[in-house]
Amino acid sequence: MSEEKRIVSAVIAGVGGYGGMITGDVLDHLNDYRVRVAGVVDPFYVASPQKERLDALGIPHYDTLEAFYAADQAELAILCTPIQYHEAHAACAMAHGSDVLIEKPAAATPAQAKRMMETAGRCGKTVNVGFQLSYMSAILRLKEDILSGRFGAPKDCWSLVLWPRNSAYYARSWAGRFTLNGQYVLDSIAMNACAHHLHILYFLLGSRMDSAAMPEREKVLLMRVNDIETFDTAMMEIEAGGATLHYLVSHAVPDTTAPILKLHFEKADILIQGEGTEEDAVTAVLPDGSRIHYGDLTKEYFRKVPYTLDVVRGLAAPVCTIETAMAQLLSVSAATFEAPVLDLRANLGKNSAAPRVYVKNDVRVADGLSELMKRAYDEEKMPWTLTDIYGAPQEIALAGYLSPDERPL
Ligand SMILES: NC(=O)c1ccc[n+]([C@@H]2O[C@H](COP(=O)([O-])OP(=O)(O)OC[C@H]3O[C@@H](n4cnc5c(N)ncnc54)[C@H](O)[C@@H]3O)[C@@H](O)[C@H]2O)c1
């Protein structure tokens, strides 16, 4: 009989929003994950969808992480709080002896993320970043094959996500904010909902299982249709790891196109469907037409939690660290700081303006944008080569790039 894994204690911060889903999964699997929830932290605990279950289990709740650590301790802190708190919450958890599983993005800026790495080194703790795709078996098996050289060198990679988002999404206090209360947030489509679909390209092109290719330069075209400070549409072409990455994402579309990605290698095309199941989620198509199916992407959505518990036990190696997550953070924060945002809000309801902006099912839509982005993906041409209606992209050099908060005065 195999020996049972030891029970690990955990604290969860942010138990509304996405953290409510994580908490629900943890409570569903207390026995098989071998985890004990020592406490949860949320100043709005009463609004958590898990409140009744947490109360029934007698799990104590606190308003702040400091209050939790004044009363108890935990081997792992699962931090699902808004982006602007990531650095401070991770630092607090590590200073009190916890390893960390932090939600993506690692932080708001690379400078913050670098300080988190220093803190982790000083405290002897690990920070695992919650980009869930990087923890899924199908993606890890694919990465092993890429690293073995089976497919040759990467060439062009494409990633497309069209996800409508309504006014309730943007009603959250930090949604689409550049700063809030004097702190960087840098929340945007590329930092939040669709950050995964850029990170995964870097991750798959990394030279080790836990590393990511680093971006060298990028061309960026950003747009804003909603009442936000950042952007809800991004078109990015990035040089990284010897390949060119093309990233097309928008919330200003009438209908959903679930994440689709294609990675062209010398000796294979890799096709990924973010919501695909067994047969079509992660597939390598070889030159003779034969296919390798790597498996499902829907069933291991929360594998990052038991995986990180094994990291805490010393039974698994971290797979998505701050260093791994830095490529997404660097390219998106540099775009947010440096690129102008084409502001289409004035086009709302005006038939004479191009593109026309209208509202469908409470979602602001830029007319024709969805079709353009799908055509760009299918024809493998960036949108700015197909039309000049949105202007030209901004070029940004990323080697040695310093964000404003780390530039010498
Ligand atoms: N991995 C994913 O697929 C995924 C999906 C959605 C969100 N996220 C990430 O999760 C994080 C939270 O996003 P969200 O959409 O759930 O935000 P949200 O605003 O909906 O929820 C945040 C939660 O944190 C709580 N909170 C706020 N300040 C706090 C504090 N100081 N201490 C403890 N709790 C606090 C809030 O009360 C709320 O319950 C972000 O980093 C986001 O990018 C990840």
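Residues numbered from 1 in each chain as written. Predicted model: local features only at pLDDT ≥ 70, side-chain atom pairs only at ≥ 80, totals over all residues.

1. Examining the overall build of the protein chain
Our working rule: The numbering of helices and of strands both runs from the N terminus, where a helix is a DSSP run of H or I of at least 4 residues and a strand a run of E of at least 2. Neighbour counting defines burial: a residue surrounded by 20 or more other C-beta atoms within 10 Å of its own C-beta is buried, one with 12 or fewer is exposed, and intermediate counts give partly exposed, using backbone-placed C-beta atoms.
Along the protein chain, the regular secondary structure elements total 13 helices and 20 strands. Along the three orthogonal principal directions, the C-alpha set of the protein chain runs to about 60 × 50 × 45 Å. Counting all 409 residues of the protein chain, 49% fall into the buried class.

2. Points about the sheet that holds strand β5 (residues 99-102)
Applied cut-off: By this definition, two strands are paired if DSSP reports at least two bridges between them.
The strand order across the open sheet built from 6 strands is β3-β2-β1-β4-β5-β6, with neighbouring strands paired in parallel fashion. The open sheet is flanked by β3 (61-62) and β6 (127-129), the only strands paired with a single partner. The pairing of strand β1 (residues 8-13) with strand β2 (residues 35-41) spans 6 bridges and is parallel. In the strand pairing of β2, A10 is matched with V37.

3. Remarks on the nonpolar core
Definition in use: We define the nonpolar core as any set of buried residues of the types Ala, Val, Leu, Ile, Met, Phe, Trp, Tyr and Cys, connected via C-beta atoms lying within 7 Å of each other. Note that domain bounds follow an automatic or database assignment of domains. In this description, any two residues whose backbone-derived C-beta atoms lie within 7 Å of each other are considered to be in contact.
If you look at the biggest cluster of nonpolar residues, it comprises 129 residues, and the most contacted ones within it are V11 and I12. If you tally residues by element for this core, the top one is helix α11 (residues 322-338), at 9 residues. A domain split of this core shows at least three residues from each of domain 1 (8-129) and domain 2 (134-298 + 322-400). In this structure, V11 is in contact with A38, G39, V40, V41, F68, A74 and A77, ignoring residues within four places of it in sequence.

4. Description of the packing of helix α9 (residues 196-204) against α11
Selection rule: As a rule, the C-alpha atoms of each element are fitted with a line to give its axis, helices using only the stretch in contact, and angles between N-to-C directions run from 0 to 180 degrees. Angles are sorted into four bins: roughly parallel if under 35 degrees, roughly antiparallel if over 145, roughly perpendicular if 65 to 115, and oblique for all others. By the definition used in this description, the sense in which the near helix is turned from the far one sets the handedness, with an anticlockwise turn below a right angle giving left-handed and a clockwise turn giving right-handed.
In contact at an axis separation of 9 Å, α9 and α11 are set at 130° when each is read in the N-to-C sense. If you check the angle between α9 and α11, you find them oblique. With respect to the hand of their crossing, α9 and α11 are arranged in right-handed fashion. In this structure, α9 uses L198, H199, Y202 and F203 to contact α11, whose residues at the interface are T324, A325, A327, Q328 and V332.

5. Points about the confidence of the model for the protein chain
Detailed reading of predicted coordinates is not advised where the pLDDT is low. Note the cut-off: Looking at any residue, its pLDDT shows the predictor's confidence there, from 0 to 100.
Across the protein chain, the average pLDDT comes to 97, with 100% of residues at or above 70. The least confident element of the protein chain, judged by mean pLDDT, is helix α8 (residues 167-171) at 95; the most confident is strand β4 (residues 76-79) at 99.

6. Description of the site of the ligand
Inclusion rule: For each residue, a C-beta atom is placed from the backbone, and the residue is labelled near a molecule or strand when this atom is within 6 Å of it. Each residue gets one label: Ala, Val, Leu, Ile, Met, Phe, Trp, Tyr, Cys and Pro are nonpolar, Asp, Glu, Lys and Arg are charged, and the others, such as Gly, are polar.
If you check the shell around the ligand, you find 22 residues, and the closest are G14, G16, G17, Y18 and E103. Here the shell around the ligand gets 3 residues from one element, more than from any other, and that element is helix α1 (residues 17-28). Here the shell around the ligand is built from residues that sort into 10 nonpolar, 8 polar and 4 charged.

7. Thoughts on the pairing of strand β10 (residues 215-224)
Among the 10 residues in β10, 8 count as buried, and that is most of the element. Sheet topology places β10 next to strand β11 (residues 233-240); 8 bridges connect them, and they run antiparallel. Opposite V220, over in β11, you have M236 as the bridge partner. Both β10 and strand β20 (residues 394-397) contribute to a ladder of 4 bridges, which runs antiparallel. Looking at β20, one finds that R217 is bridged to A397. Two strands pair when backbone bridges link them, and β10 and strand β17 (residues 341-343) are joined in this way by 3 bridges, in the parallel orientation. From the neighbouring strand, M223 faces β17, where its bridge partner is L342.

8. Side note on the domain arrangement of the protein chain
Assigned domains of the protein chain: these are domain 1 (8-129) and domain 2 (134-298 + 322-400). The straight-line distance from the C-alpha centre of domain 1 to that of domain 2 is 28 Å. Residue-level contacts link 15 residues of domain 1 with 18 residues of domain 2. Only α6 (110-123) and β6 provide two or more residues apiece to the side of domain 1 that touches domain 2.

9. A few points about the pairing of β2
Counted residue by residue, β2 has 5 buried out of 7 residues, so it is predominantly covered. With 2 bridges joining them, β2 and β3 adopt parallel strand pairing. Counterpart to V40 in the pairing with β3 is H61.

10. As for helix α12 (residues 369-379)
Test applied: Arc, as used here, means the arc of the directions from the helix axis to the C-beta atoms.
All of the buried residues in α12 are L369, L372, M373, A376 and Y377. Down the axis of α12, the buried side of the element spans an arc of 135°, and every buried residue falls inside it. Residues of α12 that are exposed and point over 90 degrees away from its buried face: E371, D378 and E379. In the core, the buried residues of α12 are packed alongside β7 (154-162), β11, β12 (243-250), β19 (363-366) and α13 (383-386). Looking one or two places after α12, you find E380, whose phi comes out positive at around 55°.

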